[in-house]
Amino acid sequence: MEMVVVGMISGTSYDAVDAAVGDFSIEDDTVVLHPRGLRSAELPGPIRARIAACLPPAPTTIEAVCRLDTELGQLFGRVAAEAISALAPGGADLVVSHGQTVFHWVQENRARGTLQLAAPAWIAEATATAVVSDVRSRDVARGGHGAPLASTLDAMLLLDGERRRGSLNLGGIANITVRDGAGAVIAYDIGPASALLDAAVTELTGGRVRMDGGGAMAARGRVDEDALARLLDDDYYRRPPPKSTGKELFCAAYLHQRLGDRELSPDDLLATLTELTARLVADACAAHGVEELVVAGGGVRNPTLMQRITALIDPAEVRPLEEFGLPAQAKEGYLIGLLGYLAVHGLEGTLPSATGASRGSILGSITPGEGPLVLPEPASTPVRRLRISR
Ligand SMILES: Nc1ncnc2c1ncn2[C@@H]1O[C@H](COP(=O)(O)OP(=O)(O)O)[C@@H](O)[C@H]1O
Ligand SMILES: [Mg+2]
């Protein structure tokens, strides 16, 4: 059934709430997406501060969690309503909300639980539209990592080219989707992207600046090979996929613990952390024989990081996601929209080979909009491809 879907997420960087609006339909084994556009609302300072105060290793209270869940739900609701009035004046059929990850519980390389906040009742209330939320838990309940969910979109849109392609997202964490030697889709979190860059800048500036804008500091600095070796010496990188991680591990405290007594100038620290991400990406590309790397996420706007990735993966080539019809900034929003659209059609939103689950899952929980919940007819056959229509 053709539906106007709003896909929403605030990523681990908690920089902004992104709402991507698109028309989705199914033709045979193909989901057709006509992207209408992205609305991105910066997270207000006070909410950012309250998220930061809740994140590990900080202790928190159940009161703080309740307040944050409510405030984020209200914020997502406002952004959804704005996105609908700007991009879908005739109304939307479905809102899909990833919410804000506040804890991703991984122990002995298994995901045990995962928690995203932004109470869906407020989103349904603000939009009078049904909401799919909590899109990771079902996969975790089937033994998967609940991540990287991007693998679903990547497999449907990007991995069928002639050349061996990889799909990279540079958010707080970097994740990649590739095919393994046997052709199965695998995906995993490579390690930190902006998580450590943002943590370092935030700490160095006492919170006044929160990112290395344009990669300027990293461009001025020099890579400290000793510090880089200390950073690379982490068991996480040696573990085989499937695997997932988050800011529970890659936070400011982690930096201090890894670097110990090694003192770096601010610019050199940023250069070294930027090189860390580029090296991890290049190692992953080499391990999977990637010939073309499609890159998306906020890290695309960091030219120093992109230059280092381009240099280190050579002769493999970087290809912007835009060449495949989606803006790099909007990928995660459309991905979340896709997962909800699949869910309400009774279609699985995960690939067990990618997340490590025992089987694929129909994702999410559904909150009714105005009036009774009416779902489309379940799709009669599985879908395999995503086509972007202009
Ligand atoms: N102009 C820029 N210069 C450098 N880094 C940037 C720029 N714009 C965004 N970023 C980086 O991208 C991050 C946000 O990327 P995003 O894909 O939204 O991540 P997430 O999914 O974790 O929220 C920011 O925290 C920042 O580190
Ligand atoms: Mg973001």
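Given the structure is predicted, the values throughout are model-derived calculations rather than measurements.

**Here's the deal with the overall build of the protein**
- Each helix and strand in the protein was counted, giving 14 helices and 13 strands.
- In summary, the protein has a C-alpha radius of gyration of 20 Å against a globular reference of 21 Å for 390 residues, a match within 12%.
- Along the first, second and third principal axes, the C-alpha atoms of the protein reach 60 × 50 × 40 Å.
- The buried share of the protein, reckoned over its 390 residues, is 54%.
- With an accessible surface of roughly 16200 Å², the protein has 52% of that area assigned to carbon and sulfur atoms.
- Computed over 36 positive and 48 negative side-chain charges, the separation of the two mean positions in the protein equals 1 Å.

**Re the site of ligand 1**
- Close to ligand 1 lie 19 residues, the nearest being S13, G172, D198, G214 and G298.
- Here S13 contributes a side-chain N or O atom positioned 2.7 Å from an oxygen atom of ligand 1.
- A distance of 2.8 Å is found between a nitrogen atom of ligand 1 and a backbone nitrogen or oxygen belonging to G214.
- Along the lines of polarity and charge, the residues of the shell around ligand 1 split into 2 nonpolar, 12 polar and 5 charged.

**With respect to the nonpolar core**
- Residues L168, L170, I190, F250, L273, L293 and I309 are the most contacted members of the largest nonpolar core, which totals 45 residues.
- When residues of this core are assigned to their parent elements, the largest contribution, 10 residues, is made by helix 11 (residues 266-287).
- With 41 residues, the next largest nonpolar core counts V5, V294, A330 and L338 among its residues.

**Remarks on the pattern of salt bridges**
- Scanning the entire structure with this criterion turns up 23 salt bridges.
- Taking the shortest distance from any N to any O, the salt bridge between R387 and E27 comes out at 3.5 Å. Taken as a pair, R387 in strand 13 (residues 385-388) and E27 in strand 2 (residues 16-27) lie far apart in primary sequence, 360 residues in all.
- Among the residues examined, R387 registers a relative accessible area of 40% and is labelled partly exposed.

**Observations regarding the environment of A88**
- Mapped onto the fold, A88 is located in the loop between helix 2 (62-87) and strand 4 (94-107).
- Judged by its relative accessible area of 0%, A88 falls in the buried class.
- Sequence separation of A88 and V4 is 84 residues, and the distance between their C-alpha atoms is 7.6 Å.
- Ignoring any residue separated from it by four or fewer positions in sequence, one finds A88 in contact with V4, V21, R36 and A83.

**Points about the sheet that holds strand 10 (residues 292-296)**
- With respect to topology, 5 strands assemble into an open sheet ordered 9-8-7-10-11, the strand pairing being mixed. Among the strands making up the open sheet, the edge pair consists of strand 9 (185-192) and strand 11 (317-320). Neighbour-to-neighbour, the strand axes of this sheet turn through a mean angle of 25°, independent of strand direction.
- One ladder, built from 5 bridges, connects strand 7 (residues 165-170) with strand 10; its direction is parallel. Across the sheet, S167 pairs through a bridge with V294, a residue of strand 10.
- Running over the sheet, helix 11 touches strand 7, strand 8 (173-179), strand 9 and strand 10 and is turned about 160° from strand 9.

**Topic: the packing of helix 8 (residues 225-232) against helix 10 (residues 252-259)**
- Interhelical geometry of helix 8 versus helix 10 gives an angle of 115° and a closest axis separation of 9 Å. The way helix 8 lies across helix 10 gives a crossing that is right-handed. The residues of helix 10 that touch helix 8, namely those facing A227, R230 and L231, are Y254, L255, R258 and L259.
- Of the residues contributing to the contact of helix 8 with helix 10, the split by class is 5 nonpolar, no polar and 2 charged.

**Comments concerning the environment of L273**
- Relative to the assigned elements, L273 resides in helix 11.
- Distance from L273 to D189, taken between C-alpha atoms, is 17 Å for residues 84 residues apart in sequence.

**Regarding the pairing of strand 13**
- The alternating pattern of strand 13 places L386 and I388 on a buried face, while none of R385 and R387, on the opposite face, is buried.
- Taken together, the 4 bridges between strand 3 (residues 30-42) and strand 13 define a ladder with parallel strand orientation. Looking across to strand 13, one finds that T30 is bridged to R385.

**Digging into the environment of M306**
- Along the chain, M306 falls in helix 12 (residues 303-313).
- Expressed as a C-alpha distance, the spacing of M306 and G99, which sit 207 residues apart in the sequence, is 28 Å.
- Ignoring any residue separated from it by four or fewer positions in sequence, one finds M306 in contact with L170, V295, G299, V300 and V318.

How each quantity is defined
- What you see as residue numbers is a count from 1 along each chain, following the sequence as written.
- Each chain is given a letter, starting from A, and each ligand a number, starting from 1, according to the order in which they appear as written.
- Side-chain atom pairs in this predicted model are given and counted only at pLDDT of 80 or more, local residue features only at pLDDT of at least 70, and totals for whole chains, interfaces and linings cover all residues.
- Side-chain numbers here rest on the full set of heavy atoms in the structure, without hydrogens or water.
- Elements are defined by DSSP. Helices are runs of H or I of four residues or more, strands are runs of E of two residues or more, and each kind is numbered from the N terminus.
- Only C-alpha atoms enter the radius of gyration; for comparison, a globular chain is expected to reach 2.2 Å times N to the power 0.38, where N is the number of residues.
- Note on classification: 1.4 Å probe, protein chains only; a residue is buried when its accessible area is under 20% of the maximum for its type, exposed when over 50%, partly exposed between these limits.
- Areas reported as accessible are Shrake-Rupley estimates using a 1.4 Å probe. Residue values count occlusion only from the protein chains shown.
- Working convention for charge: Lys and Arg count positive, Asp and Glu count negative, and His plus the chain ends are omitted.
- For this purpose, a charge sits on NZ of Lys, CZ of Arg, CG of Asp or CD of Glu.
- The near set for a molecule or strand comprises every residue that places at least one heavy atom within 4 Å of it.
- Whenever a nitrogen or oxygen atom comes within 3.5 Å of another N or O atom, the pair is scored as a polar contact, on the condition that within protein one atom can donate a hydrogen and the other can accept it, and that pairs from neighbouring residues in sequence are kept only if both atoms are in side chains.
- Throughout, the ten residues Ala, Val, Leu, Ile, Met, Phe, Trp, Tyr, Cys and Pro are labelled nonpolar, Asp, Glu, Lys and Arg are labelled charged, and all others, Gly among them, are labelled polar.
- In these notes, a set of buried Ala, Val, Leu, Ile, Met, Phe, Trp, Tyr and Cys residues joined through side-chain atoms within 4.5 Å is what counts as a nonpolar core.
- Only one rule defines a salt bridge in this text: a Lys or Arg side-chain nitrogen within 4 Å of an Asp or Glu carboxyl oxygen.
- For this analysis, residues touch if any pair of their heavy atoms sits within 4.5 Å.
- Strands are labelled as partners when DSSP assigns at least two bridges between them.
- With axes taken as lines fitted to C-alpha atoms, and helix axes fitted only over the stretch in contact, angles between N-to-C directions fall between 0 and 180 degrees.
- Whether a crossing is left-handed or right-handed is set by the direction in which the near helix is turned from the far one by less than a right angle, anticlockwise for left-handed and clockwise for right-handed.

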